[in-house]
Amino acid sequence: MHHLKYLNKFFWKYKQTLCLGIAFIIVANIFAIYPAEFVREALDYVLQNIEEPKTGNLSNTLVNYGLLIVGCAILKGIFLYFMRQTIIVMSRKIEFDIKNEIFNKYQQLSISFYNENKIGDLMNRITEDVTRVRMYIGPTLMYAINIIVLFFLVITQMLAVSKTLTAFVLFPLPILAISIYFVSSKINRQSEQVQAQLSEITSISQETFSGIQIIKSFTNENNSLKVFFESCKEYTRKQIKLVKIEAVFIPLIITLIGLSTILTIYVGGLEVFAGRISAGNIAEFIIYVNMLAWPVASIGWVTSLIQRASASQERINEFLNLEPRIRNFNNAQTLISGDISFKEISLTYRDTKIKALDKISFDIKEGSTLGIFGKTGSGKSTIANLICRILDLDSGNISFGHIPIKKLNLNNLRSSIGYIPQDGYLFSGTIKENIAFSKDVIDENQIILSAKKADILDEINKFQDGFNTIVGERGVQLSGGQRQRLAIARAFYKNPDIYIFDDCLSAVDANKEKEILKNLQNETKNKTTIIISHRISTFQNADKIIVLNSGVLVDSGNHEELISREGFYKEIHISQSKK
Ligand SMILES: Nc1ncnc2c1ncn2[C@@H]1O[C@H](COP(=O)(O)OP(=O)(O)OP(=O)(O)O)[C@@H](O)[C@H]1O
Ligand SMILES: [Mg+2]
């Protein structure tokens, strides 16, 4: 239960609504309890009349009782409505708060967190787990308070009528609560399995649809169908098992309520004959028993819901209590210099234990262009991530104009860098929105200009909807080269002080590359620029090039210097110029 303590701050935030909700529950229950007394009085009145008829007003009195009962029912209904309007609405508001809190936390956590956790898991926390917690805040809390209030009111009334009868009538109820608890725990466990199977079906479908091109070209449809079929079969098996357990639920409740009712009539009858209670009391008791039965049944249900919510909250807390590994240590505004220096930088990825960089040192002068050259896996992107502080270094020192990277305001640092990633990820939305991603304002002219500089304007204009063409998951499929150039336009629109191009011209042909590099030279004239590539032609404007091999800096210099001496760079230069 202690995991749920986290939610107390939300109860405090909505304390007024909560108190109002509790008040409505109490009032609704008071109106629920009166009709039982009216039934007893009416019945006794009728029985008295049968024994010694009074003239006249029998039917009038009965109509009055009837009206009172209906009136109470209406008032009870009204307050039940208010109760739901307060407590359930509060639970929805808290759900909203929690979801936002988790989402915000997710965004703060470092990239390593995303490498360590499955996306499906993160999604489940924010959807299913939050839903279970909401069930605790809303219905569970409502029923729990309702049970307490109703028990207090009903049992006080019952005891006032007859202690013996109360004892007999209440006797089967704990058995009811315990059995319901076991049955509903079983139902919950089984429905969790059903849910897990459903997730599997979802991910199978998702993977199939994403990879449909490969499936078709390998004519692998039958295999996919078989996997899907097996998963669905398992789902049906689990679902049927769940239905079988659920089928026990209602008969169990009805049997136990029946038992209580029979006991009421039998023991009550004996009490009437002994003259200790009236016949009307039996009717009153039957109403009480029926009033208590469902709440008692829901004790078991509520308990199992609380357990589930607690398990879910534990999973949520696991993430909420995580501290982002990369934190901002400086809230003051800091100026970001383009003089970047790497001193003896080493980095080993925690999860794979791969040493990506080994004592790398180099300097970039403000306004100059640095090329980073190396084979695949040599650590180029790792350097880019270190500069953006997406990763933190293990040892060594990175500084911007002599200020260590950790002393810079992280927000300022990242805002002043235009990073163009290797894969050119685009978000679902229009081309326009993707280019203007870095800013809230959409400046049409600037968007067109950025697209022009990235040499993609002509292609955008050829699309039917131009800049309003939807791209991303549910949009037009762009070629790899088009995606890369859109990502470049996105960085141009941001107009940062420092540019990092991570192998983002790899899918662009030689002519386009030349064109973009020419524009780049104009655009980045006075800006620190880092160009990462495994193609030597990309470095034509670089003031300095560093050559990496398996995380070690093996050579550096400008293009002429590097081809004048024997080495890896010259080797590749010769082989690439032959093509
Ligand atoms: N997030 C990560 N977690 C664990 N290991 C990683 C991660 N990213 C990269 N690595 C490993 O670190 C090494 C360097 O990777 P990096 O991405 O820096 O290479 P790269 O030079 O950019 O290669 P490419 O040209 O293929 O993009 C590789 O061996 C890679 O497997
Ligand atoms: Mg890379």
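See the structure shown above.
Residues numbered from 1 in each chain as written. Chains lettered and ligands numbered in written order. Predicted model: local features only at pLDDT ≥ 70, side-chain atom pairs only at ≥ 80, totals over all residues. Heavy atoms only, no water.

## Quick look at the coordination of the magnesium ion (ligand 2)
Right, on to step 1. For the magnesium ion (ligand 2), the full set of protein donor atoms is Ser381 (OG) and Gln422 (OE1), and the range of their distances to it is 1.9 to 2.4 Å. One end of the pair, Ser381, is in helix H11 (residues 380-387); the other, Gln422, is in the loop between strand E6 (417-420) and strand E7 (429-430), and 41 residues separate them in sequence.
Right, on to step 2. By relative accessible area, which is 22% here, Ser381 ends up partly exposed.
Right, on to step 3. Looking at Gln422, the relative accessible area reads 42%, which means it is partly exposed. (Donors = N, O, S within 2.8 Å, 3.2 Å for Na, K, Ca; no water. Helix = DSSP H or I, 4+ residues; strand = E, 2+ residues; numbered from the N terminus. Buried < 20%, exposed > 50% of the residue type's maximum accessible area, 1.4 Å probe, protein only.)

## Description of the sheet that holds strand E4 (residues 395-400)
Right, on to step 1. With antiparallel pairing, the 4 strands of this open sheet are ordered in space as E2-E1-E4-E5. Two strands in the sheet have a free side with no partner beyond their single neighbour: strand E2 (355-364) and strand E5 (403-404).
Right, on to step 2. Strand direction decides the pairing type here: E4 and E5, joined by 2 bridges, are antiparallel. Across the sheet, residue Phe400 finds its bridge partner in E5, namely Ile403.
Right, on to step 3. Contacts from H11 reach strand E1 (340-348), E2 and E4 within the one sheet, and its direction differs from that of E1 by about 120°. (Pairing = 2+ DSSP bridges. Contact = heavy atoms within 4.5 Å. Axes fitted to C-alpha atoms, helices over the stretch in contact; angles between N-to-C directions.)

## Some points on the environment of Asn495
Right, on to step 1. Looking at the secondary structure, you find Asn495 in the loop between helix H16 (480-494) and strand E9 (498-502).
Right, on to step 2. Classification of Asn495 as partly exposed rests on a relative accessible area of 44%.
Right, on to step 3. Taking the C-alpha atoms as reference points, Asn495 and Ser450, 45 residues apart in sequence, are found 9.3 Å from one another.
Right, on to step 4. Among residues more than four places away in sequence, those in contact with Asn495 are Glu523 and Lys527.
Right, on to step 5. Separated by 2.6 Å, the side chains of Asn495 and Lys527 make a polar contact. (Polar contact = N/O pair within 3.5 Å; in protein donor to acceptor, adjacent residues only side chain to side chain.)

## Overview of the site of ligand 1
Right, on to step 1. With respect to spatial proximity, 15 residues lie near ligand 1, and among them Thr376, Lys380, Ser381, Thr382 and Gln422 are the closest.
Right, on to step 2. One of the side-chain N or O atoms of Thr352 is found 3.0 Å from a nitrogen atom in ligand 1.
Right, on to step 3. Here an oxygen atom of ligand 1 sits 2.7 Å away from a polar atom, N or O, in the side chain of Lys380.
Right, on to step 4. Broken down by element, the shell around ligand 1 gets its largest block of residues, 3 residues, from H11.
Right, on to step 5. The residue inventory of the shell around ligand 1, partitioned by class, reads 3 nonpolar, 9 polar and 3 charged. (Near = heavy atom within 4 Å. Nonpolar A, V, L, I, M, F, W, Y, C, P; charged D, E, K, R; others polar.)

## Looking at the pattern of salt bridges
Charged atoms that come close allow side chains of opposite charge to pair.
Right, on to step 1. All told, the structure shown has 21 salt bridges when counted by the stated rule.
Right, on to step 2. Glu192 is the salt-bridge partner of Arg132, the closest N and O atoms lying 3.5 Å from each other. Of this pair, Arg132 sits in helix H5 (residues 119-161) while Glu192 sits in helix H7 (residues 172-210), and the two are 60 residues apart along the sequence.
Right, on to step 3. Judged by relative accessible area, Arg132 falls into the buried class, the value being 14%.
Right, on to step 4. Where Glu234 meets Arg237, a salt bridge forms, and the shortest distance between an N and an O atom there is 2.8 Å. A residue pair is termed a helical-turn pair when its members lie 3 or 4 positions apart in one helix, as Glu234 and Arg237 do in helix H9 (residues 221-273) at 3 residues.
Right, on to step 5. Here the salt bridges share partners, and the residues they tie into one network are Arg92, Glu95, Lys99 and Arg134. (Salt bridge = Lys/Arg side-chain N within 4 Å of Asp/Glu carboxyl O.)

Everything listed here is a matter of coordinates, which is why it stays silent on function.
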